[in-house]
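A look at the structure
So the chains spell out like this:
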Amino acid sequence: MAVLGLITAGVLNYLKIGPFSEKGKPVSFGQDQAQGGQAGGTDGAQPADSKVLMPTGPTAQFKNSSGTLADGTQVAVTTLDGKKSGFKGKVWVWAPKEYKDPKFAKSGFPVLIALPGGPGFPANYWMDDNLGLESSISKWYTEGKSKPFLLAMPILNPKPDTGGLYWDGSDIPGQPKMGTWLTEDVPDLMKANFRTIKSRDGWAFMGSSSGGFSGLKAVLKHPDKFKAVIASGPDIVPDSPLWKGHEKEKNENNPELLAKQLIAANKPGSDVYLAFQYGTKEKSVIPHVDKFIATYGNKGPVHTRLEVIQDGSHNAKTYVEGMGRGSIKWISDHMEGPVPAP
């Protein structure tokens, strides 16, 4: 499993332009005002034809993790006790300033679940805007390139990735159910606390390295729940040593086999959009991504796009750059949001 060698003291610097004293203070995203399921109705019941899912509750306790960003938004963190996976861990969240714009007060927003590479524990490096993800999404939205995504940034692994120990974002038998954590519990947290979109048209992943693999696999495994992914410098097949003795389950989490099955079934409404990215210096990544695209890309419901980043390396800064060049627009063009209530 490739390790994303990008975390430096500067990357995980928690200080932002806002006062340092803001770190650790409670953050509200307006859950209480919107909670109860209303989306255009007046009796507390959400209209059946609404595309919007208002916050369902219960309200999570979010705390500021990094001061205030330049546009006044905040990244907050909570500890999620995953009811479906049985795993408990941290999730960072961010909402663009448009989320609190009165004109979008009853609109559902698309969600992008951003996964790190490397250890993916005890932090998710995408929560640090030194990498430019949050500020870039705001910028891309004003430029007409991106949806104003809500970000969910969970930890990827239940323990440090040391000595080749990692979980492939999957439910490996006898191990913490990290696949269920990423595809069930984390989305449930977002639905409980934010105005989201009911259909898969409002749900996507992005990730780098092992996080790119996990996001790619999640979309191919659950095309009924997620529509798109930006997979940057990803691994293509599961290779955790924890799969030993569990070949059947390993195959059920193999993007190559999942893509093959999806193409063979070719069910209406199962189209997925896989935006791959790599830098030209990623010699170990390039052939595997190219092979996947050549074998499965743009066949049946599997749609692919490749962003080649000249002189790019296996790091998050490279991948944010690639997103701005075309990947974020491509998945945004195939997604919905903000979706107004009827």
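Worth saying up front: this structure is predicted, and the values here are computed from it rather than measured. (Residues numbered from 1 in each chain as written. Predicted model: local features only at pLDDT ≥ 70, side-chain atom pairs only at ≥ 80, totals over all residues. Heavy atoms only, no water.)

1. Quick word on helix α6 (residues 255-265)
For α6, the set of buried residues is Pro255, Glu256, Leu258, Ala259 and Leu262. Down the axis of α6, the sector holding all buried residues measures 165°, keeping them to one side. Exposed residues lying more than 90 degrees from the buried face of α6 are Lys260 and Ala264. Looking at the packing, one finds that the buried side of α6 touches α4 (210-221), β12 (272-279), α7 (286-296) and β13 (302-309). Count one or two residues on from α6 and you reach Asn266, which has phi positive near 45°. (Buried < 20%, exposed > 50% of the residue type's maximum accessible area, 1.4 Å probe, protein only. Helix = DSSP H or I, 4+ residues; strand = E, 2+ residues; numbered from the N terminus. Arc of directions from axis to C-beta. Contact = heavy atoms within 4.5 Å.)

2. Regarding the sheet that holds strand β11 (residues 228-232)
The strand order across the open sheet formed by ten strands is β1-β3-β4-β5-β8-β7-β10-β11-β12-β13, and the pairing between neighbours is mixed. Looking at which strands have only one partner, the edges of the open sheet turn out to be β1 (26-27) and β13. Judged from the five bridges that link them, strand β7 (residues 111-115) and strand β10 (residues 203-208) form a sheet pairing that is parallel. Note on β10: the bridge partner recorded for Ala114 is Met206. Docked against the sheet, helix α8 (residues 316-333) engages β7, β10, β11, β12 and β13, running at close to 145° with respect to β13. (Pairing = 2+ DSSP bridges. Axes fitted to C-alpha atoms, helices over the stretch in contact; angles between N-to-C directions.)

3. Looking at the packing of aromatic side chains
Summed over the entire model, instances satisfying the criterion amount to twelve aromatic pairs. Chaining the aromatic ring pairs together yields one cluster made of Phe29, Phe62, Tyr99, Phe104, Phe109 and Phe194. When the ring centre of Trp203 is taken as origin, the NZ or CZ atom of Lys191, which lies over that ring, is 5.5 Å away. Above the plane of the ring of Tyr99 lies Arg195, whose end atom (NZ or CZ) is 4.0 Å from the centre. (Phe/Tyr/Trp six-rings, centres within 6.5 Å; stacked < 30°, edge-to-face > 60°. Lys NZ or Arg CZ within 6 Å of the ring centre and 35° of its normal.)

4. Comments concerning the pairing of strand β3 (residues 62-68)
The buried fraction of β3 is high, at six of seven residues. Bridge count for β1 against β3 is two bridges, and the pairing is antiparallel. The residue bridging Pro26 from the neighbouring strand is Lys63, located in β3. Inspection of the sheet shows β3 paired to strand β4 (residues 74-81) by three bridges, in the antiparallel sense. Within β4, the residue paired with Asn64 across the bridge is Ala76. Hairpin connection between β3 and β4: a loop of five residues separates the two successive antiparallel strands, and Gly72 in this loop has a positive phi of roughly 90°.

5. Section: the pattern of salt bridges
Under the defined criterion, the tally for this structure stands at 13 salt bridges. The salt bridge involving Glu336 is made with Lys51; its shortest N-O contact spans 3.4 Å. Of the two residues, Glu336 sits in the loop between α8 and β14 (339-340) while Lys51 sits in the loop between α1 (31-34) and β2 (52-53), which places them 285 residues apart along the sequence. Using a relative accessible area of 23% as the deciding quantity, one classes Glu336 as partly exposed. Lys248 is the salt-bridge partner of Glu252, the closest N and O atoms lying 2.6 Å from each other. (Salt bridge = Lys/Arg side-chain N within 4 Å of Asp/Glu carboxyl O.)

By themselves, these observations are geometric and do not establish any function.
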